[in-house]
Amino acid sequence: MEKEAKIYIAGHRGMVGSAIHRALKNNGYNNVITRSSGELDLRSQEAVKEFFADEKPNYVFLAAAKVGGIVANNTQRADFIYENLMIEANVIHQAYLNNVKKLMFLGSSCIYPKLASQPLREDYLLTGLLEETNEPYAIAKIAGIKLCEAYRDQYGCNFISVMPTNLYGYGDNYNLTTSHVLPALIRKFHEAKEQNKPFVEAWGTGSPKREFLFADDLAEACLFLMETYNDRELINIGTGEDLSIKEVTEMIAKTTGYSGDIRWDTSKPDGTPRKLMDVSKLRSKGWKHKTDLETGLALAYADFLQNQTMYVV
C-alpha cells in the first residue's frame, strides 16, 4: 500500500478495526477513512453505494461484523446471519464497482468444522459440520470468503480473506451477555475481587482448548498480508499455541489478583472441543506473533481498569 493511499477501515470502532487503525497510523498511513455505524449503516445497500461513490477508497479492511460469544450467537441467530451477510455483500460488491485495488475480509476460526483435525488447516473449510451454537455466524463468514473468491474469479479483484483465531485486547467487549470468553472472565474475576466473593463460576468443564491472539498483533499481521499476500485461498492468523480454558481461567485469576475458588458449571456448554489454527502458511511468509498470553492479559486488564466505566454496561 502506498503511504498516501486512501484506506477505508469498515468497523474502526471495534477491537479489531481500532487495532488496524492504530497499526496504520504507527506505520505512516495517514489517509485513513472511517465512519461510525451511526454515520454509515453497512447493512444498507444504498448507503454503502453512496459512500463508495463519494470516497473512492484505494484499499479496504473489512473488519465490521456483528459479533458475540456463545449466548449471543445462540439467541440472536437470525440477526447474526442477516446482518453479517448484508455487511459483507454490500462492501465487497461496492469495492468491485469502485475499482478498489485490494480488499481484506476478516473472518473467524469458527468457519471450520466442529470436529476437524487439529490444528485447523485452511483446506479444512467445508469438510464437515459446523459448531451448532454459532452456525449462523460461521455460515455468514464462509459466505464472505466465497464472495471474495467469486469476485476474484469473475472480475479479477484482488480480494483476500484472513481467518483470525480468538482475539482479545484494547477496547474489548466486557458485556457478560454478548462478550467472548476471555473478556467475560476478566470482568468476572475483577468484580469478584472487588466484592470479596468466595468463588467465581465459570462455564463448562474447563477442558476445551483455545488459542488467543492479541488484537494489535493481528493488526500487524493484516498490514503485513496486505503488502505481501495476493492469493485466492484464505490464510489463518494465530499463534499456533493453545491452552485449556481451565489454564486460561487460572491465568486470568492471577492477572486480576483474585485469590478465591473457581467453580465449574458443567450444565453450561463447552462449545468446540479444540480450536487451534495451523499457521504454517503465515509463518512461511515471514510473520509470527509478538505478544504472549500472559503479557497480553496484563495489557488488556490494565486497559479494562482504565476504561471500565465505559466498558462495563
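Just above, that's the structure.
A. Region of the structure containing the pattern of salt bridges. For the structure on display, the rule yields 18 salt bridges. For the salt bridge of D153 with R232, the shortest nitrogen-to-oxygen distance reads 2.7 Å. On the criterion of sequence distance, the pair formed by D153 in helix α5 (residues 135-155) and R232 in the loop between α7 (215-228) and β10 (235-237) is long-range, its members being 79 residues apart. On the accessibility criterion, R232 (33% relative accessible area) is partly exposed. Between K268 and D265 there is a salt bridge, with the nearest N and O atoms lying 3.0 Å from each other. A relative accessible area of 16% means that D265 is categorised as buried. Connected through shared salt-bridge partners, K146, E149, D153 and R232 make up one network.

B. Structural context of the nonpolar core. Counting 40 residues, the largest nonpolar core has Y8, L42, F52 and L103 as its most contacted members. Contributions of two or more residues to this core are made by β1 (7-10), α2 (45-55), β3 (59-62), α4 (77-97), β4 (102-106), α5 and β5 (159-164). Looking at which element gives the most residues to this core, the answer is α5, with six residues. Filtering out sequence-adjacent residues up to four positions away, F52 remains in contact with Y8, P57, V60, V91, Q94, A95, N98 and V100. Counting residues in each nonpolar core, the second largest holds 34 residues, with I20, Y59, I237 and W287 among its members.

C. Fine view of the sheet that holds strand β13 (residues 274-275). One open sheet accounts for three strands, arranged β11-β8-β13; its pairing is mixed. The sheet is open, and its two borders are formed by β11 (243-244) and β13, each paired with just one other strand. Both strand β8 (residues 209-210) and β13 contribute to a ladder of two bridges, which runs parallel. Considered in β13, the bridge of K209 is made with R274.

D. View of the pairing of β5. Of all six residues in β5, six are buried, a share of seventy percent or more. The two faces of β5 match: F159, S161 and M163 on one face and I160, V162 and P164 on the other face are all buried. Note that β4 and β5 share four bridges and pair parallel. For F105, the partnering residue across the bridge sits in β5 and is S161. This β-α-β element, β4 to α5 to β5, shows right-handed connectivity. For β5 and β10, the ladder comprises three bridges, and the chain directions are parallel. The residue of β10 that forms the bridge with V162 is I235.

What counts, and at which threshold
- Residues numbered from 1 in each chain as written.
- Predicted model: local features only at pLDDT ≥ 70, side-chain atom pairs only at ≥ 80, totals over all residues.
- Heavy atoms only, no water.
- Salt bridge = Lys/Arg side-chain N within 4 Å of Asp/Glu carboxyl O.
- Helix = DSSP H or I, 4+ residues; strand = E, 2+ residues; numbered from the N terminus.
- Buried < 20%, exposed > 50% of the residue type's maximum accessible area, 1.4 Å probe, protein only.
- Core = buried A, V, L, I, M, F, W, Y, C linked by side-chain atoms within 4.5 Å.
- Contact = heavy atoms within 4.5 Å.
- Pairing = 2+ DSSP bridges.
- Right-handed = clockwise from strand over helix to strand, strands pointing away.

All we've got here are geometric facts, nothing functional implied.
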